[in-house]
Amino acid sequence: MTLKLIDLSQEIYQGMSVFPMHQKTFIMTNMTHEENMKATGSKTLGFSARNLLISEHGGTHSDGVWEFNPEGPTIDNMPLEYFWGSAICLDLSYIRYPNYFEPKDLESALSRSGQEIRPGDIVLLYTGHHDRTFGTDMFQTDYSGLSYEAAKWLAEKGVVNIGVDAPAIDLTPDDTDFSAHLVCGEYHITNTENLCNLDKLINKRFLYIGLPLKIRDGTGSPIRAVALLEE
């Protein structure tokens, strides 16, 4: 048996694409190698470090329920099983903005995949938005998302984490009710946004790992998401 690790995470850097309502990313030099050698008096070795200012929702990240439901848990109090486990990836890339992903679309994609959704599953949705627009101004606009009914369809099947290769699981900017997030708040489940390389996982079952930082009272957390795929 051969296992392949697929990186599903965007790069973190100053100037990276960030959802408009969140903090932009800044990276600052804390100390250079030369400054550290001078400070320590070492003649052989200097240490360098940088400071990172980033939103809890910057880049590839998962949401704490508390972000959109103040009666729900923060990221540090959510079950770790929501962030790793058995997962499938469904292809919805043929549906484009301004159309929602509806239950019938999920049912059709699931049927085409030959997979099933099991309670406790993580379901990733390949929308193609990252592949089409990342690196352009269009990445933060005009992408499809789940309707309330579609998100509820997933939640009622026992899905604990809904992931997309777009900045949000909602249809943005039109859906000001943030319907998919509303469902996640109602069912106390998470969602993962700004994934990439989902085209390599279409219609497959795999082990997903995207652990959040243990941020006290965190509304969310950047993650390093990967898929472990059996070949």
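Residues numbered from 1 in each chain as written. Predicted model: local features only at pLDDT ≥ 70, side-chain atom pairs only at ≥ 80, totals over all residues. Heavy atoms only, no water.

Identification of the protein as Cyclase family protein from Tissierella carlieri is taken from an unreviewed UniProt entry.

As for the nonpolar core
Condition: Here, the term nonpolar core denotes a set of buried Ala, Val, Leu, Ile, Met, Phe, Trp, Tyr and Cys residues that are joined through side-chain atoms within 4.5 Å. We call a residue buried when its accessible area falls under 20% of the maximum for its residue type, exposed when it is over 50%, and partly exposed in between, using a 1.4 Å probe and counting protein chains only. When checking whether two residues touch, look at their non-hydrogen atoms; a contact exists if any pair is within 4.5 Å.
By size, the foremost hydrophobic cluster in this structure holds 51 residues, and its most contacted members are L8, L124, L146, L201 and Y208. Discounting residues that sit within four places of it in the chain, L8 has contacts with T60, L124, N194, L195, C196, N197, L198, L201, Y208, A225, V226 and A227.

Here we look at the sheet that holds strand β11 (residues 226-230)
What counts here: Note on pairing: two strands pair once DSSP finds at least 2 bridges between them. Secondary structure elements follow DSSP: runs of H or I of four or more residues count as helices, runs of E of two or more count as strands, with numbering from the N terminus. Axis geometry follows a simple rule: fit a line to the C-alpha atoms, using only the stretch in contact for helices, then measure angles between N-to-C directions, giving values from 0 to 180 degrees.
The strand order β1-β11-β9-β5-β6-β7-β8-β4-β10 describes an open sheet built from nine strands, whose pairing is mixed. In the strand order of this sheet, the two ends are held by β1 (3-7) and β10 (220-222), each with one partner. If you compare each strand with its neighbour and ignore which way they point, the axes differ by 25 degrees on average. In the packing of helix α2 (residues 103-113) onto the sheet, the strands contacted are β5 (84-91) and β6 (122-126), and the crossing angle to β5 comes to about 105 degrees. Contacts between helix α5 (residues 179-187) and the sheet are confined to β4 (61-63), β7 (161-164) and β8 (190-193), with β8 contributing the most and set at about 145 degrees to the helix.

As for the packing of aromatic side chains
The test is simple: Centres within 6.5 Å are what make two rings of Phe, Tyr or Trp a pair, Trp counting through its six-membered ring; a difference in plane orientation under 30 degrees is then read as stacked, over 60 as edge-to-face, and the rest as tilted.
Following the criterion strictly, the structure yields one aromatic pair and no others. Centre to centre, the rings of F134 and F139 are 5.1 Å apart; their planes meet at 90 degrees, and the pair counts as edge-to-face. The exposure class of F134 is partly exposed, given its relative accessible area of 32%.

Brief notes about the environment of I88
Among the secondary structure elements, I88 is positioned in strand β5. Taking the C-alpha atoms as reference points, I88 and I117, 29 residues apart in sequence, are found 7.9 Å from one another. If we ignore the near neighbours within four places in the chain, the residues touching I88 are L110, Q115, E116, I117, I122, V123, L124, K204, R205 and F206.

A closer look at a nonpolar patch on the surface
Heads up, the rule is: Patches were defined on residues exceeding 30% relative accessible area and lacking a salt bridge, with like-charge contacts within 9 Å and nonpolar side-chain contacts (Val, Leu, Ile, Met, Phe, Trp, Tyr) within 5 Å. All accessible areas in this document rest on Shrake-Rupley with a 1.4 Å probe, and a residue is counted as covered only by the protein chains that are shown. One speaks of a salt bridge when a side-chain nitrogen belonging to Lys or Arg is within 4 Å of a carboxyl oxygen belonging to Asp or Glu.
A cluster of nonpolar side chains, F26, M28 and L53, forms an exposed patch at the surface whose accessible area comes to about 250 Å². Mapped onto the secondary structure, F26 falls in strand β2 (residues 26-31). On the basis of relative accessibility, which here comes to 37%, the residue F26 falls in the partly exposed class.

Section: the packing of helix α4 (residues 148-156) against α5
Threshold: Relative orientations are named as follows: roughly parallel for angles under 35 degrees, roughly antiparallel for angles over 145 degrees, roughly perpendicular for angles from 65 to 115 degrees, and oblique for any other angle. For any pair of crossing helices, the crossing counts as left-handed if the nearer helix is rotated counterclockwise from the farther one by less than a right angle, and right-handed if it is rotated clockwise. Three residue categories are used. Nonpolar comprises Ala, Val, Leu, Ile, Met, Phe, Trp, Tyr, Cys and Pro, charged comprises Asp, Glu, Lys and Arg, and polar comprises the others, including Gly.
Interhelical geometry of α4 versus α5 gives an angle of 30 degrees and a closest axis separation of 8 Å. Between α4 and α5, the angle falls in the class roughly parallel. The two elements α4 and α5 cross, and the hand of that crossing is right-handed. Packed against α4, whose contacting residues are Y148, A151, K152, A155 and E156, the element α5 presents S179, A180, L182, V183, E186 and Y187 at the interface. For the contact of α4 with α5, the per-class residue count stands at seven nonpolar, one polar and three charged.

Notes on the pattern of salt bridges
In the structure shown here, the tally under the stated rule is five salt bridges. The salt bridge involving K4 is made with E231; its shortest N-O contact spans 4.0 Å. Residue K4 is located in strand β1, and its partner E231 is located in the segment after β11; the two are separated by 227 residues in the primary sequence. On the accessibility criterion, E231 (57% relative accessible area) is exposed. Where D7 meets R224, a salt bridge forms, and the shortest distance between an N and an O atom there is 2.9 Å.

A look at the side chain of S55
Where we set the bar: Polar contacts here mean pairs of N or O atoms no more than 3.5 Å apart (in protein, one a potential hydrogen donor and the other a potential acceptor; neighbouring residues in sequence count only if both atoms are side-chain atoms).
Tracing the chain through its elements places S55 in the loop between β3 (49-53) and β4. Polar side-chain contacts of S55 include one of 2.9 Å to the backbone nitrogen of H57. Beyond its immediate stretch of four places on either side in the chain, S55 contacts H22, Q23 and P222.

With respect to α2
Residues separated by three or four positions in an α-helix point in the same direction, a consequence of the helix having 3.6 residues per turn. This is how it is decided: In this description, one arc is meant: the one made by directions from the helix axis to the C-beta atoms.
Every buried residue belonging to α2 is among P103, D105, L106, A109, L110 and S113, and all of these are buried. In a view along the axis of α2, the buried residues occupy a sector of 160 degrees, so they form one face of it. Relative to its buried face, α2 has exposed residues pointing more than 90 degrees away, namely K104 and S111. Tucked into the core, α2 has its buried residues touching β5, β6 and α4. At the exit of α2 stands G114, carrying a positive phi of roughly 75 degrees.

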